[in-house]
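Breakdown of the fold
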Amino acid sequence: MSDTHASPKPALKVALICHSDLLGGASIVTYRLMHALRDAGVDARMVVFNRYSTDENIQEGAKRLHRGVTFFTERLGIALGNGFSRKNLFKVSTASTGLPLHKHPWVREADVIALSWINQGLLSLSGIQKLAALGKPIVWTMHDMWCLTGICHHAQECRGFTESCGNCQFLTGASRSDLSHRVWKRKERLYTSVPITFVAVSNWLAECAAKSSLLGNADLRVIPNAFPVDTFQTAPTVKLRRLAEAQNYILMGAARLDDPIKGLPMAIEALNYLFDNRPDVAKSSQVVFFGALGDPHALDELRFPHQHWGTINDPQLLRQLYASAKVVLSSSLYETLPGTLIEGLASGALPVTFGRGGQTDIIDHRINGYIAEYRNTIDFANGIIWALHQNQDRNALHEDVRRRFSATSVASRYIDLFHELLAR
């Protein structure tokens, strides 16, 4: 007689491995993904290098002393290969040392191992080999270019990753067989011996991977980062007293605004062009910058009316600011999937940006934003004028972002991928 009361199917177990839970963009989106997976019935947990939340579903991979040793050992190896120059010390990683995460109980219990940003002492390349020996599918989400290069996180204009790296721009005394080439060879050995499914967070990053010598033949998918779209509103619910009176607010933010990759001088040049040539725009608009400044004088040359609010740690304040904005700017030289543009759209603000990166996954030019010609500050200024003159349906922009980038949508795509790999 058959049992009509079959046992419930056990929940899919996923171990997400990322450097942190809340520090840095990759960590934050991985933390969001964990909760989106849990909301969908997956037993998802995170193993991290540094834990900043009190979330019971997150554990650090080792004791503090052990973590300190792996971090400093990797940095020392980079310093040795770089003539002890500090200039580019954190623009590269080698994954030469890491924690023994193959022994962690959550990893051993998991059905699927999902790697995220694993650098700076969390996981070594040989550690990934040991994870693979557990016999579980490995999915590796790429938040920057590191998986497809020798050692750098952003190759910028270099195309060494299409060959076998070497002569690295970030190394002092670089050569054909420098540290970047040696790590490239270690990655090549790993990728040819271990089945890994790579996930690019944007089509631009996937295109870079397809052109690379390391990942040109890899199992590669594109799934965007998850964003808490429904926490963003399209109209402010309170009046922000810190905002100077203006008809239109233009927003630009980053963790560090004057990080060279953010292209702040080009945004300043475009805004000064508007101040000099379109006084009507300057008179009716105000730019609000948020984020840290390494150089306190970085905005001194800007003539366009502006405020700098510094780092905003209050999420509700940031959402009110987005909801007050007409336009959101990003002048970054490279972005895998710029979160400020998605958050701006989720709040009904139109993005203006360059197109070198995942911006084209977010924006349809002159429909829900403006993609300026790369490094052309006058075209960037034209984009700001275009956006200011639109009468956008803020709620429609929000709904479009929800359809494409909501945590529910992204989690379902990952779950489909996990089941596909487990069925093989």
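The structure we're discussing is the one just above.
Criteria and cut-off values
Residues numbered from 1 in each chain as written. Predicted model: local features only at pLDDT ≥ 70, side-chain atom pairs only at ≥ 80, totals over all residues. Heavy atoms only, no water. Pairing = 2+ DSSP bridges. Helix = DSSP H or I, 4+ residues; strand = E, 2+ residues; numbered from the N terminus. Axes fitted to C-alpha atoms, helices over the stretch in contact; angles between N-to-C directions. 1 Å grid on protein atoms, 1.4 Å probe; cavity = no way out; pocket = protein on both sides within 12 Å on 5 of 7 lines; lining within 4 Å. Points joined across faces, edges and corners; volume = space filled by probe spheres on them. Nonpolar A, V, L, I, M, F, W, Y, C, P; charged D, E, K, R; others polar.

A few words now on the sheet that holds strand S9 (residues 285-292). With parallel pairing, the six strands of this open sheet are ordered in space as S10-S9-S8-S11-S12-S13. Edge positions in the sheet fall to strand S10 (306-308) and strand S13 (370-372), since each has one partner strand and no second. Averaged over all neighbouring strand pairs, the angle between strand axes comes to 20 degrees, with direction disregarded. Examined bridge by bridge, strand S8 (residues 248-256) and strand S11 (residues 327-330) share three bridges and lie parallel to one another.

Evaluation of the coordinates by the stated rule reveals five cavities of 30 Å³ or more. The volume enclosed by the largest cavity comes to roughly 120 Å³. Contributing to the lining of the largest cavity are 15 residues, with Thr-30, Leu-33, Thr-141, His-143 and Tyr-414 lying nearest its centre. Of all the elements in the fold, those that place two or more residues in the lining of the largest cavity are strand S1 (13-20), helix H1 (25-39), strand S4 (112-115) and helix H14 (407-423). At three residues, H1 tops the list of elements feeding residues into the lining of the largest cavity. Lining the second largest cavity are 14 residues, and of these Cys-152, Cys-158, Cys-165, Cys-168 and Ser-180 sit closest to its centre. Residues of the lining of the second largest cavity, tallied by class, amount to eight nonpolar, six polar and no charged.

Strand pairing within a sheet occurs via backbone hydrogen bonds; the two strands may be parallel or antiparallel. With parallel pairing, seven strands are arranged side by side in an open sheet as S3-S2-S1-S4-S5-S6-S7. Because the sheet does not close on itself, it has two edges, and the strands there are strand S3 (58-60) and strand S7 (219-222). Ignoring which end each strand starts from, the neighbouring axes of this sheet average 25 degrees apart.

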